[in-house]
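This is what each chain is made of:
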Amino acid sequence: MLEGKRVLLIIGGGIAAFKSLELIRRLRERGCAVTPVLTASAEEFVTPLSVSALAAEKVHRDLFDLTEESEMGHIELSRSADLVVVAPCTANLMAKMAGGHADDLASTLLMATDKPVLIAPAMNVRMWQHPATQRNLSTLRQDSVLAVGPDEGEMACGEFGPGRMSEPPDIISAVAAVLSDGPLNGRHILVTSGPTIEPIDPVRYIANRSSGAQGAAIAQALASLGARVTFVTGPSSIPTPIGVKAVPVESAMQMLEAVEAALPADAAVFAAAVADWRVARKSTQKIKKDGSGKPPAIEFTENPDILSAVARKREDRPALVVGFAAETGDVVNHATAKRERKACDWIVANDVSPETGIMGGAENEVILITDDGAEKWPRMDKTQVAVRLATRIAETLA
Ligand code: C5P
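Basis of the calculations
Sequence order sets the numbering: in each chain, residues are counted from 1 along the sequence as written. Local features are withheld for residues below a pLDDT of 70 in this predicted model, meaning they are given only at 70 or higher, and side-chain atom pairs are given and counted only at 80 or more; totals for whole chains, interfaces and linings count all residues. Only hydrogens and water are set aside when side-chain values are computed; all heavy atoms of the structure are taken into account. At least two bridges found by DSSP between two strands are what make those strands a pair. Counting from the N terminus, the helices are the DSSP runs of H or I reaching at least four residues and the strands are the DSSP runs of E reaching at least two. Lines fitted to C-alpha atoms define the axes here, with helix axes fitted over just the stretch in contact, and angles between the N-to-C directions of these axes take values from 0 to 180 degrees. Contact criterion: two residues are considered in contact whenever any of their non-hydrogen atoms come within 4.5 Å of each other. Put simply, a residue is near a molecule or strand once any heavy atom of it comes within 4 Å of that molecule or strand. Under this definition, polar contacts are N or O atom pairs within 3.5 Å; protein pairs additionally need one hydrogen-donor-capable and one acceptor-capable atom, and for neighbouring residues in sequence, both atoms have to be side-chain atoms. Note on areas: Shrake-Rupley with a 1.4 Å probe; residue coverage comes only from the protein chains shown. Nonpolar residues are Ala, Val, Leu, Ile, Met, Phe, Trp, Tyr, Cys and Pro. Charged residues are Asp, Glu, Lys and Arg, and all others, Gly as well, are polar.

Undergrad: What am I meant to see in the sheet that holds strand 8 (residues 188-193) here?
TA: Consider a sheet: its strands pair through backbone hydrogen bonds, and that pairing is either parallel or antiparallel. On the basis of which strands lie adjacent, the open sheet formed by eight strands has the order 12-11-8-13-16-17-19-20 and mixed pairing. Two strands close off the open sheet at either side, each with one partner strand: strand 12 (245-248) and strand 20 (373-376). When the angles between neighbouring strand axes are averaged without regard to direction, this sheet yields 15 degrees. Relative to strand 12, strand 11 (residues 228-233) runs parallel, the two sharing four bridges. Across the sheet, the residue bridging to Thr233 is Pro248, located in strand 12. Set on the sheet, helix 13 (residues 331-342) makes contact with strand 16 (320-327), strand 17 (346-351), strand 19 (366-370) and strand 20; between it and strand 17 the angle comes to about 150 degrees. Along the sheet, helix 14 (residues 382-397) makes contact with strand 8, strand 13 (267-270), strand 16, strand 17, strand 19 and strand 20, crossing strand 17 at roughly 165 degrees.

Written as structure tokens, this is what we have:
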């Protein structure tokens, strides 16, 4: 899958830099060429000699290396690869990237590149959790930088928590997801996922039990088949799929806006559990007990049906619009009627009665409703449902 590809690998100065040697080896085993770049502090952890021996290429280190500028300028270097990987990506490198600094070769390449950038953060748990790092991460996500990890576990410094660089095989999977030559290459697919939360006042909201697991798995499967995926997600604790553009939202109205902004798309999969109702007039102050013993009267208003709005579009309607139907009985009939009512092409229906354990669980048992009728799939892992659905989408768009 990586045969003939080239990665520009920026190695930052962290203890995890030793893992980048294995990363180089594994990338090359898969036929992927690696152009290594070392930051000054990375040289404290790995030697240029070992990096260049493993990569079988010259190591780039200095922005002002004149010979190098005459051979290949930094602009050219930044664009010579299919993907830029930063591993380990230190807190300092993240901050420089988020702030747009260009004061050494690595940061200059990151500013100058026109290729996708994947970071594998690695740092002490406190540094990872620091508001500045989290702020930088969110800025980088908005800038379409992709991230893999960090993992949770015991760290070299003896502390425990998130901050360990992802293992090389996981970084390779992320690289493969971005560089995949799959059947959905060149296609843009929109996926909505997770719950929406509808505010009542500044501290209270109405939510639902959707975990976002199925939507995230679908986005991941589509990306692995080469699609460019825009993943519009309500609040979810499931890790963001790798290689997708994540657009975090909270309410249904925000989700609609993000979906509109993401179009046009070749296909759209609406896996989100969108609240049907929102509070008509959200209070700007926390609602207080008034002492009467009577609860406040909360008036609701209907949310827009995002799936139906997109499926009924005259312009920019994706060629394939897929909706979900979570039912608690008479699934096929309800879902078939829903397909008509919402004007979508397919409905992925399932029974979410509590005894099925599907809502919030790892498995799903779906019925795919298309023009050809209802097709029952066996109970399987949500990731397997996702792969099967993504494969069907790829066949249909082919
Ligand atoms: O009507 P119901 O909520 O059962 O429909 C479920 C399908 O419609 C799902 O695909 C869901 O993502 C989508 N939906 C939507 N906007 C809404 C309600 C549902 O996109 N307001």
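Undergrad: For this particular structure, what's the right way to read the site of the ligand?
TA: Near the ligand you find Phe270, Ala272, Val274, Asp276, Pro304, Asp305, Ile306, Leu307, Gly323, Phe324, Lys338 and Lys342, and these make up its full shell. Contacts to the ligand include Phe270, whose backbone N or O atom sits 2.6 Å from an oxygen atom. Within the backbone of Ala272, a nitrogen or oxygen atom sits 2.6 Å from an oxygen atom of the ligand. When the free accessible area of the ligand is taken as 450 Å², the share hidden by the protein chains comes to 86%. Listing elements by their share of the shell around the ligand, those giving two or more residues are helix 12 (306-311), strand 16 and helix 13. Here the residues of the shell around the ligand sort into seven nonpolar, one polar and four charged.

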